[in-house]
Every structure is written in structure tokens, then in C-alpha cells.
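Here are the chains, one letter per residue:
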Amino acid sequence: MLKLLATVLIFLIVACGRVDSPAWQPSAELTQRAASYVRLLPQVQDSAGFVDTDRCDSLLFSSLTAVGANQPIDIRAAQLPDGAWLRRPTNYPECFQSGESASTISRDMLLGVFWYGWHFRDLQLLESTWQHLERNGWVAGQGERSRTQLNPVLIGTLAQLIYRLGGPDRAVRLTPAVWAPVDGYERHLQVLHVMLRWEAGLESIVAAAAIRRAYEQDRSNVLFASALARIGGLSPFVAERKLLESTWHLRDRLATSRDRCEEWVTQRNPNDINLLPCPEQGRTHSPGDWLFAYRLLANHTGM
């Protein structure tokens, strides 16, 4: 009875303000845009399939790009023999030792690994990560504990993913989550985490409310629009239009630093200074942020 009541309440909060629309399928224009970005993707990937390897968010963005493109990469190129993860593949300078980051790894990067393992149904990847984290007291690596210490909710998320893929049933997987209002990069991470839990069967009223809140705070963000459409709170036709009309993602080529300095648009607020051009950097950006939002929306139909 309680489960039924919870299901009804989730439906009500998601459906609030919803406009019924005909059955949606991705338009030819949308699927062609996605296919074009996938064809262009090798321009910004290294031999292991990673993007932004000169930056210390590479593991997160590479994982999400792989999910968005629905193309596996050699994600273990960023994993040490003991199971620990690094911010980018081991053949690049390690970010903590080089002074480019305050830690060897972070919860953010692991969220990308969790998405990758879930999307590509890689139980061994997720279970080996669990084993490493458990052995080390849920501290993911070296550096600031505020970055490397997993919280109970993220541990529960990993446990749920493992369980849903056929692994052990650990009680911690049902740890409840509370999603406080956040902004900017943190809001982007929150939506990624909420949606991963939702996809793995951990729907909740507070999760639906968090996605709706993110969208209401930034209606131009294609990730937030696709996420809200994915859970049934926004017409997928509206979300598709936002993907096609995004001014930050070009129709016929990959964006560069001449267009915008920011490599991952969906992590920024609309007025963020990083969205201004910085042509002196000479960078070409991954289309992974767009592709990930597209994949969320395409999964509305099970694609």
C-alpha cells in the first residue's frame, strides 16, 4: 500500500503542469544531428576514446560522452591496478601530483564512471569499484577529503546499480536521498545523480521535484529539459526543440573556443563568464554535453 501511495504521489508531482502530447519519436533532424556529432567525435578523442585529457574533469566528461554517443571507450585507461580511479588516463600527468587539482579523483568523476557502468551494463566495472572503495573506507583517492569521501547517498546509488545489474543485494542501496537547492556546476551534478538513480529504479517525490526545480531555474539547459521530459514532466517535443535550437551547439561542426570558452555548457549558468569566447585557447569542444542530453531524451522511447 505504501509503495502504491508513493507511486501515485510521484506521478502527481511530475505531472503537475504537464501538457498531454501525441506519442513522440525523435525527428529525422534530431537523429541526424546526433549522428553528425558522433561522426565528428573522433576529432576530440584520444586513442582510448577520452575527451578533454588536458583538463582534470576528463573522466567525467569522457564517461558521459560515451553514454551520449552510445559508444564504449577504454574507460579502464584511467584506472590503476588496485581499482582506484584517476581524473584522466594513466599515460597523462596525474592531476594531483602535477598541482592541477586538489585530489587524484572526486565524487564527480566517479558519478561519470557509475553512469558508464550502468549504461553499458558493466557489472564487473561497478563491483570492482565498490570493492576498492569499501577497502579504503569509502575514500576514493588522495587529496582533499571534501572531494574524495563518498557520502551515504552516492554509496547507496552504486549499490543499487550493482543490484539492478544482477550483483549482491546490499541494504545500503535503499538509503534515502534529499536534494537541497544548488546552483551552477553543483546543480548539473545533482541532475546527473538524480537521473542515474531514477534510471536505476529509485524514483521519488523529492527526485522529481529536484529535476523540475533545475529546469525552472534554467529553461535553456538542454540537460535539464531532457531530464524533465524523461521523467514525464515536460513534453518531449519541447525538449527536442531545445536541443535543435541550442545556440551553444552548432549544426554543421563542433564548437570551438572561438564560439565559447566553456567545454561543457550544461554545467554552467546561462550568464556564466566561461560561455564567452576565448579564441586564444585554440580548442575544439566535445559534443558530449549535447549527446548526453539527447540520449536521456531518446531513452524516453527506449532507444
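This section reports on the structure supplied with the text. Residue positions are given per chain, counting from 1 as you read along its sequence in written order. Residue-level local features of this predicted model are given only where pLDDT is at least 70; pairs of side-chain atoms are given and counted only at 80 or more, and the full residue set underlies all totals for whole chains, interfaces and linings. Hydrogens and waters are ignored; side-chain quantities use all the structure's heavy atoms.

With that out of the way, let us pick up the overall build of the protein. Along the protein, the regular secondary structure elements total twelve helices and zero strands. If you list the helices and strands of the protein from N to C, you get α-α-α-α-α-α-α-α-α-α-α-α. Computed over its C-alpha atoms, the radius of gyration of the protein comes to 19 Å, within 12% of the 19 Å expected for a compact globule of 303 residues. Expressed as lengths along the three principal axes of its C-alpha atoms, the size of the protein is roughly 55 × 50 × 30 Å. For each residue, the accessible area found with a 1.4 Å probe, counting protein chains only, is set against the maximum for its type, and the residue is called buried under 20%, exposed over 50%, and partly exposed in between. Across the 303 residues of the protein, 56% fall into the buried class. Counting only contacts in the protein whose residues sit at least 6 apart along the sequence, the fraction spanning at least 24 positions is 66%. When the accessible area of the protein is evaluated, it comes to approximately 13300 Å², of which 54% is carbon and sulfur surface. For the protein, the centre of its 31 positive side-chain charges and the centre of its 31 negative side-chain charges are spaced 4 Å apart. By definition, any uninterrupted DSSP run of H or I lasting at least four residues is a helix, any uninterrupted run of E lasting at least two residues is a strand, and each is numbered from the N terminus. Using C-alpha atoms as the atom set, the radius of gyration is obtained and then compared with a globule rule of 2.2 Å times the number of residues to the power 0.38. Contacts were defined at the residue level, with two residues in contact if any of their heavy atoms lie within 4.5 Å. Only the protein chains shown count as cover for residues, and the accessible areas themselves come from Shrake-Rupley with a 1.4 Å probe. Only four residue types enter the tally: Lys and Arg on the positive side, Asp and Glu on the negative side, with His and both chain ends excluded. Taken as the charge location is NZ of Lys, CZ of Arg, CG of Asp or CD of Glu.

Turning to the pattern of salt bridges, a few remarks are in order. Here, a salt bridge means any Lys or Arg side-chain nitrogen found within 4 Å of an Asp or Glu carboxyl oxygen. The final tally for this structure, using the stated rule, is 16 salt bridges. For E199, the salt bridge goes to R230, with nearest N and O atoms at 3.0 Å. Here the residue E199 occupies a position in helix 8 (residues 184-199), and R230 occupies one in helix 10 (residues 222-230), the gap between them amounting to 31 residues. Connected through shared salt-bridge partners, D52, D54, R55, E263 and R283 make up one network.

The subject of this paragraph is the side chain of S101. Within the secondary structure layout, S101 lies in the loop between helix 3 (58-69) and helix 4 (107-119). Of the polar contacts made by the side chain of S101, one reaches the backbone oxygen of S103; its length is 3.2 Å. Setting aside residues no more than four positions away along its own chain, S101 makes contact with C56, R87, C95, F96 and R147. Polar contacts here mean pairs of N or O atoms no more than 3.5 Å apart (in protein, one a potential hydrogen donor and the other a potential acceptor; neighbouring residues in sequence count only if both atoms are side-chain atoms).

What follows is about the nonpolar core. The nonpolar core is taken to be a set of buried Ala, Val, Leu, Ile, Met, Phe, Trp, Tyr and Cys residues, with the residues joined through side-chain atoms within 4.5 Å. Among the nonpolar cores identified, the biggest contains 86 residues, and L59, I75, W85, F114 and W115 are the most heavily contacted of them. Look past the residues within four positions of W85 in its chain and what remains in contact with it is L59, I75, R76, A78, Q79, T104, I105, L110, V113, L125 and T129.

For the rest of this paragraph, the subject is the state of the cysteines. Two cysteines joined by a covalent bond between their sulfur atoms form a disulfide. Count a disulfide wherever a pair of cysteine sulfur atoms falls within 2.5 Å. Within the structure shown, the criterion is met by two disulfides. In this model C261 forms its disulfide with C278; the gap between the sulfur atoms is 2.2 Å. On the sign convention where negative is left-handed, the bridge of C261 and C278, at about 95° about the S-S bond, is right-handed. Of this pair, C261 sits in the loop between helix 11 (236-245) and helix 12 (288-298) while C278 sits in the loop between helix 11 and helix 12, and the two are 17 residues apart along the sequence. C278 shares its class with C261; the two are buried.

One can describe the packing of helix 4 onto helix 7 (residues 152-164) by two numbers: an axis separation of 11 Å at closest approach and a directional angle of 15°. Between helix 4 and helix 7, the crossing angle belongs to the class labelled roughly parallel. When the axes of helix 4 and helix 7 are compared, the crossing they make is left-handed. Packed against helix 4, whose contacting residues are R107, L111, F114 and W118, the element helix 7 presents L154, L158, L161 and R164 at the interface. All residues other than Ala, Val, Leu, Ile, Met, Phe, Trp, Tyr, Cys, Pro, Asp, Glu, Lys and Arg, Gly among them, are scored as polar; the first ten of these are nonpolar and the last four charged. Here the residues of the contact of helix 4 with helix 7 are counted per class, giving six nonpolar, no polar and two charged. For helices, the axis comes from a line fit to the C-alpha atoms of the stretch in contact; other axes are also lines fit to C-alpha atoms, and the angle between any two N-to-C directions lies between 0 and 180 degrees. What sets the label is the angle itself: under 35 degrees gives roughly parallel, over 145 gives roughly antiparallel, 65 to 115 gives roughly perpendicular, and the rest give oblique. Crossing handedness: left-handed means the near helix sits turned counterclockwise from the far one by under a right angle, and right-handed means the same turn made clockwise.

Tracing the sequence through the fold places A209 in helix 9 (residues 205-217). What makes A209 partly exposed here is its relative accessible area of 29%. The spatial distance from the C-alpha of A209 to the C-alpha of M109 is 25 Å, given a sequence separation of 100 residues.

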